[in-house]
Amino acid sequence: NSLFQIGLAPADHPANQMPGWRPQSFGYHGDDGNKYTSGANAAYGPVFTTGDIVGCGVNNLTGQVFFTKNGMFLGNAFERGNGTHCV
């Protein structure tokens, strides 16, 4: 029983906590396909598991955070800036 997640977090983010559980961190979790930030979650994309190739990116022009699964763009998940929020 393993849980896989991918995301972005500041340097001081605890290594024993998943991305998206704390402020200023963003995560996409494989068990439920949800996106997480500051402990809040919302439906986002498909679940993922062993063998899937999952990516994470930031558009520095717009501040949007996005994820990919097996080469497919899953859409923008978050907008960084004043008061980070889900898209």
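One structure accompanies this document, and this report is about it. All values derive from a computational prediction rather than experimental measurement.

Right, let's get into the sheet that holds strand S3 (residues 34–37). In space, the four strands of this open sheet follow the order S1-S2-S3-S4, with antiparallel pairing throughout. Looking at the sheet topology across the chains shown, the edges are occupied by strand S1 (5–8) and strand S4 (40–43). Across the sheet, the mean angle from the axis of one strand to that of its neighbour is 20°, orientation sign disregarded. Relative to S4, S3 is paired through four bridges, and the arrangement is antiparallel. Among the inter-strand pairings, Asn34 is bridged to a residue of S4, identified as Ala43.

Counting residues in hydrophobic clusters, the biggest one holds nine residues: Phe26, Tyr28, Tyr44, Phe48, Val54, Val65, Phe67, Ala77 and Phe78. Elements represented by at least two residues in this core include exactly strand S2 (26–29), strand S6 (64–69) and strand S7 (72–79). Contact partners of Tyr44, with chain neighbours within four places excluded, come to Tyr28, Gly33, Asn34, Lys35, Phe66, Phe67, Leu74, Gly75, Asn76 and Ala77.

Calculation notes
Residues numbered from 1 in each chain as written. Predicted model: local features only at pLDDT ≥ 70, side-chain atom pairs only at ≥ 80, totals over all residues. Heavy atoms only, no water. Pairing = 2+ DSSP bridges. Helix = DSSP H or I, 4+ residues; strand = E, 2+ residues; numbered from the N terminus. Axes fitted to C-alpha atoms, helices over the stretch in contact; angles between N-to-C directions. Core = buried A, V, L, I, M, F, W, Y, C linked by side-chain atoms within 4.5 Å. Buried < 20%, exposed > 50% of the residue type's maximum accessible area, 1.4 Å probe, protein only. Contact = heavy atoms within 4.5 Å.

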